[in-house]
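Observations on chain architecture
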Amino acid sequence: MDAIEALATRRSTSTFADAVPPRELVARIIEAATWAPNHRHTEPWRFAVLAGAAREELGNLVATWMRATLDPATAEKQAESTQKKLLRSPVIIIVSQPGSPDDATQDLEDYAACCSATQNLLLAAHAEGLATKWSTGTLATAPPVFEYLGLASQDRIVAFVYLGYPPEGSASRPAQRAPAQIDWRGSED
């Protein structure tokens, strides 16, 4: 699969087969993520891989926090939904970025680098026959997630990448996209 084909056919999925990708395969796609461009070669990305009981452990911590802090009318439903979400794939890769609160430009550049690394990870996984979903939402800012991962308050969670094999019978197809909006300036060469 070439790069253009990977870009055109990679799609997010919310359903995964039960089989767990081997650790070596997960390490290989994380290695591909680290080839992302990053200004000043800061290599700001950090990766945490959750599999097996670690997904349930994090889900329980977040659910307990939600039940204690959210509106009681919706807390239970949100807690159960979050626990379920963390079990949807056999592996979760959490991409995080050390924050640079005293240097807004560096912080933004590092965030962009981590987003690029996440895209590399998604494309590498797709090229290896794996399915993925990039997600953020409440989990990306929840204090128990930061505590579980040992992150500081100024750090940022860039992505929860749900990872596994696609379910039997699923296939990636190119999506229909609107033409790019391009403002050509200068020479027509």
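Residues numbered from 1 in each chain as written. Predicted model: local features only at pLDDT ≥ 70, side-chain atom pairs only at ≥ 80, totals over all residues. Heavy atoms only, no water.

Next up on the list: the overall build of the protein. Summing up its helical and strand segments, the protein has six helices and four strands in all. Starting at the N terminus and walking to the C terminus, you meet the elements of the protein as α-α-β-α-α-β-α-β-α-β. Across the 189 residues in the protein, those meeting the buried criterion constitute 38%. Of all intrachain contacts in the protein linking residues separated by at least 6 positions in sequence, the fraction that spans at least 24 positions is 79%. (Helix = DSSP H or I, 4+ residues; strand = E, 2+ residues; numbered from the N terminus. Buried < 20%, exposed > 50% of the residue type's maximum accessible area, 1.4 Å probe, protein only. Contact = heavy atoms within 4.5 Å.)

The next thing to look at is the pairing of strand 4 (residues 156–164). Counting buried residues in strand 4 gives eight out of nine residues, a clear majority hidden from the surface. As judged from the seven bridges shared by strand 2 (residues 91–97) and strand 4, these two strands associate in the antiparallel manner. The partner of Ile-93 across the bridge, within strand 4, is Val-161. The pairing of strand 3 (residues 131–135) with strand 4 spans five bridges and is classified as antiparallel. Pairing of Ser-135 across the sheet is with Phe-160, part of strand 4. (Pairing = 2+ DSSP bridges.)

When we look at burial in helix 2 (residues 23–33), the residues that qualify are Leu-25, Val-26, Ile-29, Ile-30 and Ala-33. The buried residues of helix 2 occupy one face: seen down the axis, they fall within an arc of 135°. Its buried side turned inward, helix 2 meets strand 1 (46–51), strand 2, helix 5 (104–127) and strand 4. (Arc of directions from axis to C-beta.)

Attention now moves to the pattern of salt bridges. Following the criterion strictly, the structure yields four salt bridges and no others. The partner of Arg-28 in a salt bridge is Glu-128, and the shortest N-O contact between them spans 2.9 Å. With Arg-28 in helix 2 and Glu-128 in the loop between helix 5 and strand 3, this pair connects stretches of sequence that are 100 residues apart. With its nearest N and O atoms 3.4 Å apart, the salt bridge here joins Asp-107 to Arg-156. With Asp-107 in helix 5 and Arg-156 in strand 4, the pair connects residues that are 49 residues apart, well separated along the chain. We classify Asp-107 as buried; its relative accessible area is 16%. (Salt bridge = Lys/Arg side-chain N within 4 Å of Asp/Glu carboxyl O.)

Scope: geometric values only; no functional claims are made or implied.
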